[in-house]
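Structural features, examined
Below, each chain spelled out in residue letters.
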Amino acid sequence: MSTNQGKLKPSSSELDLDRPNIEDYLPSGASIQEPHGKLRLSDLLDISPILTEAAGAIVDDSFTRCFKSNSPEPWNWNVYLFPLWCFGVVFRYLILFPARAIVLTIGWIIFLSCFIPVHFLLKGNDALRKKLERVLVELICSFFVASWTGVVKYHGPRPSMRPKQVFVANHTSMIDFIILEQMTAFAVIMQKHPGWVGLLQSTILESVGCIWFNRSEAKDREIVAKKLREHSQGADNNPLLIFPEGTCVNNQYSVMFKKGAFELGCTVCPIAIKYNKIFVDAFWNSRKQSFTMHLLQLMTSWAVVCDVWYLEPQNLRPGETAIEFAERVRDIISVRAGLRKVPWDGYLKYSRPSPKHRERKQQSFAESVLRRLEEK
Amino acid sequence: MGNSSSMLTQYDIEEVQQHCSNAFSQQEIVSLYKRFCQLDRNGGGFVSAEEFLSVPEFAVNPLSQRVLRMVDGLNFKEFVAFLSAFSPRATLQQKIEFIFKVYDSDGNGKVTFNDMLDVLHDLTGQFISEKQRKQVLTQVLEEAGYTKDSLLVLSDFVKILGSSGLKMEVEVPVD
């Protein structure tokens with residue numbers, strides 16, 4: 001995962017159009033009690049509310065909480081639990097892991113020996129080739145899930161393949177995609193990754209119809225929006241799966257949804273995914289681990305247990321903006337998956353907040369000062 | 001305390017508690033340490049300006065640069081001492097002293113007209129003109145019995161802010 005470590009750059013104004021009014025969510029100590037009466041020196045010098053907000057942000061802030069991986073509580077701290085735990089470690093690393101690696105290798109062998117012939121020999125017969133490739137991709141994803149001893153409970157009606165329909169889900173790790181893909185071959189929009197993941201993306205995922213984006217390019221947004229629209233209109237394209245948060249969040253919170261998926265003129269089918277943390281914390285903290293390490297961690301844990309809910313498809317209501325629609329769907333998903341909503345854009349991981357928010361605070365303070373100056 | 005080891009001993013906690021004049025309980029100090037390590041991503045033993053500014057809630061604050069000047073590069077002990085003004089156990093005097101330090105950027109114990117003007121500029125941005133700011137400040141200063149050339153010291157601040165019901169408290173989340 002290419003993280004932009006080092007200087008954070010201020011986000012371009014283009015990206016601002018995505019965000020609803022943060023002020024509606026933020027605790028604004030200064031504006032709760034609108035000060036009245038004549039302006040005095042103490043009012044100008046008393047910066048305590050703003051300092052309190054600054055200190056509050058230093059002590060705890062809702063954004064950092066979204067990306068905190070919760071390290072499991074050590075439970076192996078006494079005479080009989082510790083040997084049990086040691087036994088567990090030995091079992092996981094020396095028995096489970098090799099077994100899983102073998103299963104995965106077998107899966108890859110089967111997959112590649114079917115996929116490569118199908119891909120090249122059926123070049124002429126597109127419809128059949130696509131159908132077979134779809135089945136094969138579902139197969140390899142099932143093998144992946146088996147390699148983590150994935151226990152996935154699917155709730156709700158299986159999505160029927162219809163045109164003009166997109167699927168949105170909350171995002172915890174790249175394995176979200178694999179877990180959903182084993183049930184239905186979705187086309188997905190993803191950040192292009194380097195390394196072996198990138199190789200997989202450009203070869204196999206290409207066959208189910210994936211769209212790439214590049215976070216660091218500003219112009220990219222328009223190109224991607226166009227591709228999204230084209231894909232969703234096409235009748236025999238695979239249904240599109242979008243993760244509107246734009247980044248991996250730790251499965252306890254949800255960050256703001258980007259409106260791109262909600263202005264395609266399609267029905268939006270929400271999917272909620274919740275991992276059971278007792279077995280393993282599936283959150284992929286891309287700042288701390290590479291994807292390979294993340295997969296290895298999953299393969300040496302006991303199991304990946306999660307619930308997937310396919311929720312009722314939603315349409316844009318008359319008079320609703322794309323942003324309101326996005327927030328409404330985020331609400332539906334967050335309630336189902338037990339996630340707390342925070343008013344931050346996931347991309348703030350990579351860039352600074354725009355000066356607009358600070359300016360809003362400055363503006364309200366300035367107006368209050370000027371108003372009170374008039375009062376006698 | 002060493003570098004980014006995530007274990008604090010009882011000695012360490014007591015030392016920090018003493019340094020901040022008992023403004024925080026031992027549990028709060030442990031929570032603050034977890035937070036400090038979380039912010040100090042590169043494990044250098046102090047939180048840099050970049051690391052503070054990566055907290056969006058902090059970066060959008062109008063006074064973030066001033067606060068940053070005071071908190072940049074502090075080690076954990078000094079970090080807790082810095083935050084002690086925001087503890088509910090801190091006295092009004094300590095809170096006013098903190099506010100005074102924010103204004104007195106050159107640390108000479110005197111707050112000038114320009115110091116106050118600068119802070120007002122941070123608070124109001126481009127939404128009031130420089131001329132208007134000077135006007136407003138002069139007017140309220142004169143009404144309070146000072147002039148444009150007055151140099152305010154800490155006792156002046158105590159007099160001005162002492163009766164205004166100052167609330168400046170932050171809750172440290174303790175799990």
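What counts, and at which threshold
- Every chain is numbered on its own, with residues counted from 1 as its sequence reads.
- Starting at A for chains and at 1 for ligands, labels are handed out in the order in which the entities are written.
- Only residues with pLDDT of at least 70 are given local features in this predicted model, and only at 80 or more are side-chain atom pairs given and counted; all residues enter the totals for whole chains, interfaces and linings.
- Note that the side-chain values use all heavy atoms of the structure and ignore hydrogens as well as water.
- A run of DSSP states H or I qualifies as a helix once it reaches four residues; a run of E qualifies as a strand once it reaches two. Both are numbered from the N-terminal end.
- Here the term buried applies to any residue with accessible area under 20% of the maximum for its type, exposed to any over 50%, and partly exposed to those in between, with areas from a 1.4 Å probe on protein chains only.
- Residues are treated as being in contact if the distance between any of their heavy atoms lies within 4.5 Å.
- Note on areas: these come from Shrake-Rupley sampling with a 1.4 Å probe, and a residue is covered only by the protein chains present in the view.
- Within this scheme the basic residues Lys and Arg register as positive and the acidic residues Asp and Glu register as negative, but His and the chain ends are omitted.
- Charge placement uses NZ in Lys and CZ in Arg. For Asp and Glu, CG and CD serve respectively.
- UniProt positions are given in the numbering used here, feature names are shortened, and annotations may be inferred rather than shown by experiment.
- Patch criteria: residues need more than 30% relative accessible area and no salt bridge. Like-charged residues are merged within 9 Å; nonpolar side chains of Val, Leu, Ile, Met, Phe, Trp and Tyr are merged within 5 Å.
- Just to be clear on terms, a salt bridge is a Lys or Arg side-chain nitrogen sitting within 4 Å of an Asp or Glu carboxyl oxygen.
- Once two parts are brought into contact, the accessible area they lose, counted with a 1.4 Å probe and summed over both, makes up the buried area.
- Any pair of N or O atoms that falls within 3.5 Å is considered a polar contact. Within protein, one atom must be able to donate a hydrogen and the other to accept it, and sequence-neighbouring residues count only if both atoms are side-chain atoms.
- Per-residue confidence from the prediction method is given by pLDDT, with values spanning 0 to 100.
- The criterion for an aromatic pair is that two Phe, Tyr or Trp rings (for Trp, the six-membered ring) have centres within 6.5 Å, with stacked assigned to planes under 30 degrees apart, edge-to-face to planes over 60 apart and tilted to the rest.

Here the focus is the overall build of chain B. In terms of helices and strands, chain B carries 10 helices and 0 strands. Put simply, chain B runs from its N terminus to its C terminus through helices and strands in the order α-α-α-α-α-α-α-α-α-α. Each of the three principal axes of chain B carries a C-alpha extent, and together these read 55 × 30 × 30 Å. The proportion of buried residues among the 175 residues of chain B is 47%. At a minimum sequence separation of 6, the contacts of chain B that also span at least 24 residues come to 60%. Carbon and sulfur atoms make up 48% of the accessible area of chain B, which totals about 8400 Å². Measuring between centres, the 16 positive side-chain charges of chain B sit 4 Å from its 24 negative side-chain charges.

Attention shifts here to the overall build of chain A. When you go through chain A residue by residue, the secondary structure sums to 13 helices and 11 strands. Accessible surface computed for chain A: about 17900 Å², of which carbon and sulfur atoms make up 62%.

Moving on, we come to the UniProt feature "transmembrane region" (unreviewed entry) in chain A. Residue and element names in this part refer to chain A. Residues annotated by UniProt as "transmembrane region" (unreviewed entry) correspond here to residues 77-95, 102-122 and 134-154. For residues 77-95, the end-to-end C-alpha separation is 24 Å, with 79% helix and 0% strand making up the annotated structure. For residues 102-122, the helix share is 95%, the strand share is 0%, and the end-to-end C-alpha distance is 30 Å.

Together, W75, W77, F82 and W85 of chain A give the surface a local cluster of nonpolar side chains, amounting to about 500 Å² of exposed area. Within the secondary structure, W75 of chain A is located in the loop between helix 5 (62-66) and helix 6 (81-121).

How big an interface is tends to be stated in terms of the accessible area lost upon association of its parts. Taken together, the contacts link 47 residues of chain A with 61 residues of chain B. Interface of chain A and chain B: buried area, both sides summed, is about 4700 Å²; carbon and sulfur atoms make up 71% of it. Put simply, chain A and chain B have 2 salt bridges between them. Where R35 of chain B meets D61 of chain A, a salt bridge forms, and the shortest distance between an N and an O atom there is 2.6 Å. Summed over the shared surface of chain A and chain B, the result is 10 residue pairs in polar contact (both at pLDDT 80 or more). Among the secondary structure elements, those contributing two or more residues to the side of chain A that touches chain B are helix 3 (41-45), helix 4 (48-59), helix 5 and helix 13 (355-374) of chain A.

The next point concerns the pattern of salt bridges. Tallied over the entire structure, the rule returns 17 salt bridges over all chains. R328 of chain A serves as the salt-bridge partner of E320 of chain A, at 2.8 Å between the closest nitrogen and oxygen. Its relative accessible area of 14% is what places R328 of chain A among the buried residues. Here E50 of chain B and R352 of chain A are joined by a salt bridge, their closest N and O atoms 2.9 Å apart. One end of the pair, E50 of chain B, is in helix 3 (residues 49-53); the other, R352 of chain A, is in strand 11 (residues 351-352), on a second chain. Relative accessible area serves as the criterion here: at 25%, E50 of chain B is assigned to the partly exposed category.

A few words now on the confidence of the model for chain A. Residues and elements named next belong to chain A. Model confidence for chain A is summarised by a mean pLDDT of 82, while 89% of its residues fall at 70 or above. This model gives residues 1-20 a pLDDT under 50, and the stretch forms 47 contacts once residues within four places in sequence are excluded. Of the regions scoring below 50 in pLDDT, residues 27-32 engages in 5 contacts with residues more than four places distant in sequence or in other chains.

All names here are of chain A. Among the secondary structure elements, I50 is positioned in helix 4. Note on I50: relative accessible area 10%, which makes it buried. Separated by 188 residues in the primary sequence, I50 and N238 have C-alpha atoms spaced 50 Å apart.

The subject of this paragraph is the UniProt feature "domain: EF-hand" (unreviewed entry) in chain B. Residue and element names in this part refer to chain B. According to UniProt, the "domain: EF-hand" (unreviewed entry) feature falls on residues 27-62 and 91-126. Across residues 27-62, helical content stands at 61% and strand content at 0%; the span's end C-alpha atoms are separated by 31 Å. Secondary structure within residues 91-126 divides into 67% helix and 0% strand; the distance between the first and last C-alpha atoms comes to 35 Å.

Residue and element names in this part refer to chain A. The tally for this structure, following the rule as stated, stands at 25 aromatic pairs over all chains. Between W196 and F291 the ring centres are 6.1 Å apart and the planes differ by 35°, which places this aromatic pair in the tilted class. Pair noted here: W196 is in helix 9 (residues 195-208) and F291 is in helix 11 (residues 291-299), with a separation of 95 residues, a long-range link. Judged by its relative accessible area of 37%, W196 is partly exposed.

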